[in-house]
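Chain by chain, the residues:
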Amino acid sequence: MYAAEAKNLWRFFGEKPALQGVDLNVEEGLVFGLIGPNGAGKTTLFRILATILKPSTGEIRIFGKDVVKQSAEIRRMISYLPEDAGVYRHLTGLAFLKMMARLYSVGSVEKGVEVAGLGEALRERMGGYSRGMRRRILLASCLMVKPRLAILDEPTAGLDVEHAVYVRKIIKQYAAEGVTFLVSSHNMLEVSYLCDTVALIHNGKILLEGKPSQLTASQGVENLEELFVKKMGAGR
Amino acid sequence: MSIATLVRKELRELLMEKTIIIGVVLMPLVILPLIGGTIAMASRSATTSTADIPILLVDNEGGKYSKVLSEAFRAAGFSPITVTNTSESVASLMESYRVAATVYVEKGFSQNLTDGKRASVKMFTTVSSISIAELQKISSIRSRIYLAMEMLGERLAAETGIHFSFYKQPVELKSGLLYKGRQVSLEEAGTVFQLYMATMVFVPLVLVVMVATSGTVAATSIGLEKEAKTLEMLLTLPISRTSILTAKLVASMTVALMGTASMVFGFVIYLTNLPMVELTSTELTMPLSGFTLLLLGLVMFVALVMTLCIGILAGVLAGDVRGGQQLAGLLQMPLLLLPFLILQFADINGLPPTLSAALMLSPFTHMFLAIKSIYEEAYLMSVLHLVVMTAFLMVILVVASWFFKGERLLTMRVTLRRRRG
């Protein structure tokens, strides 16, 4: 059983197709990277997987469950970190983690406190957090609830080196513990470092899918960055 | 030159804002003529309807000039009903004959006029409801009565050959007022009017401000989620949309309850501190019993929750806090301000049927009418208005919930501002 699978997935916004016949298989326990330019359809695909948008046509399943018909069950198995996710300014980091623990029926916030790594700042209101601190507390809330699939839309976008390294380290750590990750990023070095499998999406279509090393070899390029530029150039 | 360039830039920026065009230019063009037209219609309606209102003439004399007075009433546009030598009370008579005014002609009336002396009559008018429209109607009746007196004067002048100016006011009018079936003194009438201003003008005015604020607060609660970008994550948590909406409503209702409690408490303090003439009967005042306060509280609470739902709807439709607040204002203000302003000047029953029906389509019309009914002790009517308000609340709740549950919560962006970039 795949952690996530999509068959001939289409999604329209008005007349405009955001996804055009996407087929995708994400194996359980792996870190799957979705790369593509802005407006390629990454966020739309993630939102459908996260059950907040519905597909126009096609089939999409998470651990065998239909995202439209069994969305409530899916929400118990996944966690989703949107690209620009914000925080509740008047809540402290600790209060936020406690709220998430209650909603997911997780007994303790110990894991969240550990992942966030914010020390005493957890007792401060999140409104005063830096972008990096906010991303860390949100990532902690996503992982402390023990999801089977974590969908992270550009988890390190806009973070300084220190915070970005920290986030990548945490993802690696949880992936080793068996959590499946579906990650999007514009940072090809990050994708190479984190992902077991990569798919390149452009204009709502999956152009390539495979292991990073296989993809670069098959396309005769040095790295994912070159691959990206080559395919995008061909796509234009 | 640089100032002119900047002014051009500022003007272009300002005039491209839809909120400025709607709020500053279009709203006054629409709302003010609408209110003016409505008030004019209500005034015409109140004035013309008096022609059909009968007047009771209690003729305890049966003399020559009491008959002339009856003819003068007819000429002034009344339909006089004459009753002779009755000992029935004025309140009972007015109720039996369903008249808004009664004039008593006592013995000696004709004799005084024949002798060239000023005669006197007692005039009673009844106030069926406390409203500016009712006062306007009474004023119109009184003007016609004065006109009838002038006609009587003209007749006297023609008969006796004395200059008309002498008989311009041949009769002294002694006025009395009936309210809630009992005769009230002028001081009491003043107090009743003061109470009217307290309950029917200031309280709804405060309510208008409060209700408008609540709507924008609810819109803000969703707008904040969108603006702070917490909404997407919230929607993927293992909780249903119904639970999220319920939580927002319960939190907002808690605020609304606090607002209602503070409003009722403030209202009681306000009424008890009014510098009023002591009334001879508590029947004239708005009874501050537990029941009326409960009813008043319920009306205010339902109105507030209704506004919160409109606010939530606006929050769902708009993209951010500012957009939500603007949209909430735009949805609420016509529904709230038009009935408030129109009902200040006109009685709902005195309006043309189409306008009256259109006003009834605003849930807030029922709020104002429910408060008025409580004041007039028409509790059944007040409860009926409350039921209608609750029905409106249910409809708004269903619509808000429908929008909240769908994808529109994420994808819909109704904006009153110019789209940038």
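Bear in mind that the values here come from a model prediction, so they are computed numbers and not experimental data.

**Quick notes on the overall build of chain B**
For chain B, the helix and strand inventory stands at 15 helices and six strands. Taken over 421 residues, chain B has a buried fraction of 37%. In chain B, once contacts between residues fewer than 6 apart in sequence are set aside, the share between residues at least 24 apart is 78%.

**Structural notes on the overall build of chain A**
Tallying secondary structure elements over chain A gives nine helices and ten strands in all. Here chain A, with 236 residues, has 46% of them falling under the buried criterion. At a minimum sequence separation of 6, the contacts of chain A that also span at least 24 residues come to 67%.

**Remarks on the UniProt feature "transmembrane region" (unreviewed entry) in chain B**
All names here are of chain B. The feature "transmembrane region" (unreviewed entry), as given by UniProt, occupies residues 20-42, 195-224, 245-271, 291-315, 327-346 and 383-404 in the numbering adopted here. Helix makes up 95% of residues 327-346 and strand makes up 0%, while its end C-alpha atoms are separated by 29 Å. Strand forms 0% of residues 383-404 and helix 100%; the C-alpha atoms that close the span are 30 Å apart.

**Focus on the interface of chain A and chain B**
Across the contact, 18 residues belong to chain A and 13 residues belong to chain B. Tallying contributions element by element places helix 2 (residues 71-77) of chain A first for the side of chain A that touches chain B, with three residues. Each residue belonging to the side of chain A that touches chain B can be placed in one class, and the counts come to eleven nonpolar, two polar and five charged.

**A few points about unusual backbone geometry**
Positive phi, close to 55°, is recorded for A:Lys146, a residue that is not glycine. Owing to 15 C-beta atoms within 10 Å, A:Lys146 belongs among the partly exposed residues under this scheme. If you check the backbone angles, B:Lys229 has positive phi at about 60° while not being a glycine. One can find B:Lys229 in the loop between helix 7 (186-227) and helix 8 (231-235). Residue B:Lys229 is classed as partly exposed on the basis of its C-beta count, with 14 C-beta atoms lying within 10 Å.

**Things to note about the nonpolar core**
In this structure, A:Leu49, A:Ile137, A:Leu139, A:Leu143, A:Ile151, A:Phe181 and A:Leu182 are the most contacted members of the largest nonpolar core, which totals 77 residues. The element best represented in this core is helix 5 (residues 131-144) of chain A, accounting for eight residues. Excluding its chain neighbours within four sequence positions, the residues that come into contact with A:Leu49 are A:Ala4, A:Ile60, A:Ile62, A:Val67, A:Ile151 and A:Leu182. With 56 residues, the next largest nonpolar core counts B:Cys309, B:Ala314, B:Leu327 and B:Ala328 among its residues.

**Details of the sheet that holds strand 2 (residues 16-26) of chain A**
Residue and element names in this part refer to chain A. Taken together, four strands build an open sheet; the order of strands is 2-1-4-5 and the sheet is antiparallel. Looking at the sheet topology across the chains shown, the edges are occupied by strand 2 and strand 5 (65-66). The pairing of strand 1 (residues 4-13) with strand 2 spans seven bridges and is classified as antiparallel. Across the sheet, the residue bridging to Arg 11 is Leu 19, located in strand 2. Of the strands in this sheet, strand 1, strand 2 and strand 4 (57-62) are in contact with helix 1 (residues 42-49), which crosses strand 2 at around 65°.

**Quick notes on the pairing of strand 4 (residues 119-127) of chain B**
Residue and element names in this part refer to chain B. Of the strand pairs in this sheet, strand 3 (residues 101-105) and strand 4 are connected by five bridges, and their pairing is antiparallel. When the sheet's bridge partners are listed, Val 103 is paired in strand 4 with Met 123. Relative to strand 5 (residues 171-179), strand 4 runs parallel, the two being bridged by nine bridges. Along strand 5, the bridge assignment pairs Thr 125 with Leu 177.

**Details of the pairing of strand 4 of chain A**
All names here are of chain A. As paired elements, strand 1 and strand 4 share five bridges and run antiparallel to each other. Note that in strand 4 the partner of Ala 4 across the bridge is Ile 62. Where strand 4 meets strand 5, two bridges bridge the pair, whose relative direction is antiparallel. Across the sheet, Ile 62 pairs through a bridge with Lys 65, a residue of strand 5. In textbook terms, the turn of a hairpin is the stretch between consecutive antiparallel strands, and for strand 4 and strand 5 this stretch comprises two residues, one of which, Phe 63, has a positive phi near 45°.

**Focus on helix 3 (residues 64-75) of chain B**
Residue and element names in this part refer to chain B. In this model, helix 3 (twelve residues) spans 17 Å end to end at C-alpha, consistent with the 16 Å of a helix rising 1.5 Å per residue. Looking at helix 3, one finds that the buried residues are Tyr 65, Ser 66, Leu 69, Ser 70, Ala 72 and Phe 73. End-on, the buried residues of helix 3 take up no more than an arc of 160°, which puts them together on one face. Immediately downstream of helix 3, the backbone of Gly 77 shows phi near 105°, a positive value.

**Some thoughts on the environment of A:Leu159**
All names here are of chain A. As for its position among the elements, Leu 159 is in the loop between strand 7 (149-153) and helix 6 (161-176). Overall, the presence of 21 C-beta atoms within 10 Å leaves Leu 159 in the buried class. The residues touching Leu 159, leaving out its near neighbours within four places in the chain, are Arg 131, Gly 132, Arg 135, Ala 164 and Val 167.

**Structural notes on the sheet that holds strand 3 of chain B**
Residue and element names in this part refer to chain B. Ordered by their spatial adjacency, six strands build an open sheet running 2-1-3-4-5-6, and the pairing between neighbours is mixed. On the outer flanks of this sheet lie strand 2 (79-84) and strand 6 (182-184), each paired with one strand and no other. Strand-to-strand twist across the sheet, computed as the mean angle between neighbouring axes with direction ignored, equals 30°. Along the sheet, helix 4 (residues 90-97) makes contact with strand 1 (54-59), strand 2, strand 3, strand 4, strand 5 and strand 6, crossing strand 1 at roughly 135°.

**What about helix 6 of chain A?**
Residues and elements named next belong to chain A. The end-to-end C-alpha distance of helix 6, which contains 16 residues, comes to 22 Å, matching closely the 22 Å that a straight helix rising 1.5 Å per residue would cover. All of the buried residues along helix 6 are Tyr 166, Val 167, Arg 168, Ile 170, Ile 171 and Tyr 174. Structurally, helix 6 contributes buried residues whose contacts are with strand 3 (31-35), helix 4 (110-116), helix 5, strand 8 (180-184) and helix 7 (188-194). Directly beyond the C-terminal end of helix 6, a positive phi value near 110° is found at Gly 178.

Parameters at a glance
- In every chain, residue numbers begin from 1 and rise along the written sequence.
- For naming, the first written chain is A and the first written ligand is 1, with later ones following in the order written.
- A pLDDT threshold of at least 70 governs which residues receive local features in this predicted model, and a stricter bar of 80 or more applies before side-chain atom pairs are shown or counted, although totals over entire chains, interfaces and linings include all residues.
- Secondary structure elements are defined from DSSP: runs of H or I of at least 4 residues count as helices, runs of E of at least 2 residues count as strands, and each element is numbered from the N terminus.
- Once C-beta atoms are placed from the backbone, each residue is buried if 20 or more other C-beta atoms lie within 10 Å of its own, exposed if 12 or fewer, and partly exposed for counts between those two.
- Contacts are defined on C-beta atoms placed from the backbone: any two residues whose C-beta positions lie within 7 Å are in contact.
- UniProt positions are given in the numbering used here, feature names are shortened, and annotations may be inferred rather than shown by experiment.
- Put simply, Ala, Val, Leu, Ile, Met, Phe, Trp, Tyr, Cys and Pro go in the nonpolar bin, Asp, Glu, Lys and Arg in the charged bin, and everything else, Gly too, in the polar bin.
- Joined through C-beta atoms within 7 Å, a set of buried Ala, Val, Leu, Ile, Met, Phe, Trp, Tyr and Cys residues constitutes a nonpolar core.
- By this definition, two strands are paired if DSSP reports at least two bridges between them.
- Here the axes come from fitting lines to C-alpha atoms, over the contacting stretch only for helices, and the angles between their N-to-C directions go from 0 to 180 degrees.
- Expected helix span is computed as 1.5 Å times (number of residues minus one).
- Working definition: the arc comes from the directions between the helix axis and the C-beta atoms, pointing outward to the latter.

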